[in-house]
Amino acid sequence: DKGGWSSFMAKEINDQPDAVANTIRGRLHDGQVEIPELTALGDEVLRNIDRIIIIACGTASYAGMTGTYAIEQWARVPVEVQLSHEFRYRDPVLTDRTLLISVSQSGETMDTLMAVKYAVERGVKTISVCNTQSATIPRESHAAVYTHAGPEVAVASTKAYVAQITALYLIGLHIARVRGTMSAEETQQAAHQLDELPEKFREAVATHEQVAQLAHWMADTRSVLFLGRHVGYPTALEGALKLKEIAYIHAEGFAAGELKHGPIALIDHGQPVFVIVPSPRTAPIMHSKVVSNIQEIRARGARVIAIVEVGDTSVLPYADDVIRLPLADALFEPLLQVVPLQWFALELSTAKGLDVDQPRNLAKSVTVE
Ligand code: F6R
């Protein structure tokens, strides 16, 4: 049931405030995160780890990339993402102090399942972040942290993505509590950010109309670039993937700092570029770097669509369009920033008369290697 929406994807974008609230429910008590499934795994396991590998494919891998920044900052453990289908073939170094976290909406992605089995056989503890109850991957893992985002029908993942990031953040905060790596103040601040997320998602979802207009004007666009820094980088990759998947146009995401190492040569008159701008309050240095990147591409003729936090006027002289989102701490911004990118892909696909929910050549879950 599309609940009155024109597509499942539209419904699922709109469902995100509830999806995220459901991921958090029962896991945040008095400002502390405790995930019962991880407590069952044993605090000793989490205290002992010296490395975390997140494995996933596609959108789930971008959720994983976003998670690396937060988990590493909070739990002070090195965290990296590897694509499931690359993982086994590199003969990875795994020890009894390695923790593997898989991320999969369906819980059936064959490459991710094979990577989990490979790790389990080598004595590595595995946690599954999954949206589908009793799927194969959570059953093959030592612990399952369900996202509880509700069934996702559209092929392009939206609510599962933000729920995956939220679940990874909860895991990071759980591990940080067990390892004692965060101050009381930092813990409180993160809990506060989690508490406020569903309400902020409501505001992010409300960018729909503005973004729909933009997509309408851009219906003939053949290429779109996305730039981000830090947690804005995986967001840029995700924005580009959504556009490829459902609007069938060339789209690429870049780390903003890479621009001058090559991609800036792509910037030509009228080239649309979405720029994910970090908060000037909570990430002032990154903010000023990204504003310089905007100036650089604008000087070369780019059409800049800036995604900023409300009240940030620094980009106004250089941006053709500005999309404003509610205030959030730097690590929590990507959750909100992806929402207008999801709307943009949906509206561009619609403007081109395509099937938003069932893009060509794609299946909802990829159960072959
Ligand atoms: C993109 C998308 C895919 C999936 C990927 C992993 O919108 O849906 O990139 O994210 O196939 O699927 P799961 O999460 O089911 O393992």
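Residues numbered from 1 in each chain as written. Predicted model: local features only at pLDDT ≥ 70, side-chain atom pairs only at ≥ 80, totals over all residues. Heavy atoms only, no water.

Enquirer: For this particular structure, what's the right way to read the pattern of salt bridges?
Expert: Side chains that differ in charge, positive against negative, can pair when their charged atoms come close. Taken as a whole and judged by the stated rule, the model has 17 salt bridges. Note that Arg202 and Glu199 form a salt bridge whose closest N and O atoms lie 3.0 Å from each other. Separated by three residues within a single helix, Arg202 and Glu199 lie in helix 10 (residues 184-205), roughly one turn from each other. For Arg202, a relative accessible area of 40% gives the class partly exposed. Each of the salt bridges in this network shares a partner with another, and the network as a whole consists of Lys11, Asp15 and Lys159. (Salt bridge = Lys/Arg side-chain N within 4 Å of Asp/Glu carboxyl O. Helix = DSSP H or I, 4+ residues; strand = E, 2+ residues; numbered from the N terminus. Buried < 20%, exposed > 50% of the residue type's maximum accessible area, 1.4 Å probe, protein only.)

Enquirer: Teacher, can you tell me more about the pairing of strand 9 (residues 250-255) here?
Expert: Taken residue by residue, a regular strand's side chains alternate between the two faces of the sheet. By the bridge criterion, six bridges tie strand 8 (residues 223-228) to strand 9 in an arrangement that is parallel. Each bridged residue has a counterpart across the sheet, and for Leu225 the counterpart in strand 9 is Glu252. What joins strand 8 to strand 9 is helix 12 (residues 232-247), and the crossover it makes is right-handed. (Pairing = 2+ DSSP bridges. Right-handed = clockwise from strand over helix to strand, strands pointing away.)

Enquirer: Teacher, can you tell me more about the sheet that holds strand 11 (residues 303-309) here?
Expert: The strands making up a sheet are joined through hydrogen bonds of the backbone, oriented either antiparallel or parallel. Judged by pairing direction, the sheet is parallel, and its five strands sit side by side in the order 9-8-10-11-12 without closing on themselves. Of all strands in the sheet, those with a lone pairing partner are strand 9 and strand 12 (321-325), marking the two edges. When strand polarity is set aside, the average angle formed by the axes of neighbouring strands in this sheet is 20°. Its contacts with the sheet put helix 13 (residues 284-299) on strand 8, strand 10 (272-276) and strand 11, and the angle it makes with strand 10 is roughly 170°. (Axes fitted to C-alpha atoms, helices over the stretch in contact; angles between N-to-C directions. Contact = heavy atoms within 4.5 Å.)

Enquirer: Help me out: how do you make sense of the site of the ligand in this one?
Expert: If you check the shell around the ligand, you find 14 residues, and the closest are Ser104, Gln105, Ser106, Thr109 and Glu245. At 2.6 Å from an oxygen atom of the ligand is found a side-chain nitrogen or oxygen belonging to Ser104. Between the ligand and Ser106 there is a distance of 2.7 Å, counted from an oxygen atom to a side-chain nitrogen or oxygen. Contact with the protein chains hides 89% of the accessible area of the ligand, taken as 410 Å² for the molecule alone. Listing elements by their share of the shell around the ligand, those giving two or more residues are helix 5 (58-75) and helix 12. The greatest single-element share of the shell around the ligand, amounting to three residues, is contributed by helix 5. Of the residues belonging to the shell around the ligand, the class tally is four nonpolar, eight polar and two charged. (Near = heavy atom within 4 Å. Polar contact = N/O pair within 3.5 Å; in protein donor to acceptor, adjacent residues only side chain to side chain. Areas by Shrake-Rupley, 256 points an atom, 1.4 Å probe, with all protein chains shown as cover. Nonpolar A, V, L, I, M, F, W, Y, C, P; charged D, E, K, R; others polar.)

Enquirer: Looking at this model, I keep getting lost on the sheet that holds strand 5 (residues 98-104). Mind explaining?
Expert: Strand order across the open sheet formed by five strands is 4-3-5-6-7, with parallel pairing between neighbours. The open sheet has two edge strands, strand 4 (79-83) and strand 7 (143-146), and neither has a second partner. Across the sheet, the mean angle from the axis of one strand to that of its neighbour is 25°, orientation sign disregarded. Across six bridges, the pairing between strand 5 and strand 6 (residues 125-130) is parallel. Looking at strand 6, one finds that Leu100 is bridged to Thr126. On the sheet, helix 7 (residues 110-121) packs against strand 3 (51-56), strand 5 and strand 6 and is oriented at approximately 160° with respect to strand 5. Along the sheet, helix 9 (residues 159-179) contacts strand 3, strand 5, strand 6 and strand 7; its crossing angle with strand 5, the most-contacted strand, is approximately 160°.

Enquirer: Looking at this model, I keep getting lost on the confidence of the model for the protein chain. Mind explaining?
Expert: As a general rule, the predicted coordinates of low-pLDDT regions are not to be interpreted in detail. With 100% of its residues at a pLDDT of 70 or more, the protein chain shows a mean pLDDT of 96. At the level of chain-chain contacts, confidence expressed as ipTM amounts to 0.98, with global pTM at 0.98. (pLDDT = per-residue confidence, 0-100.)

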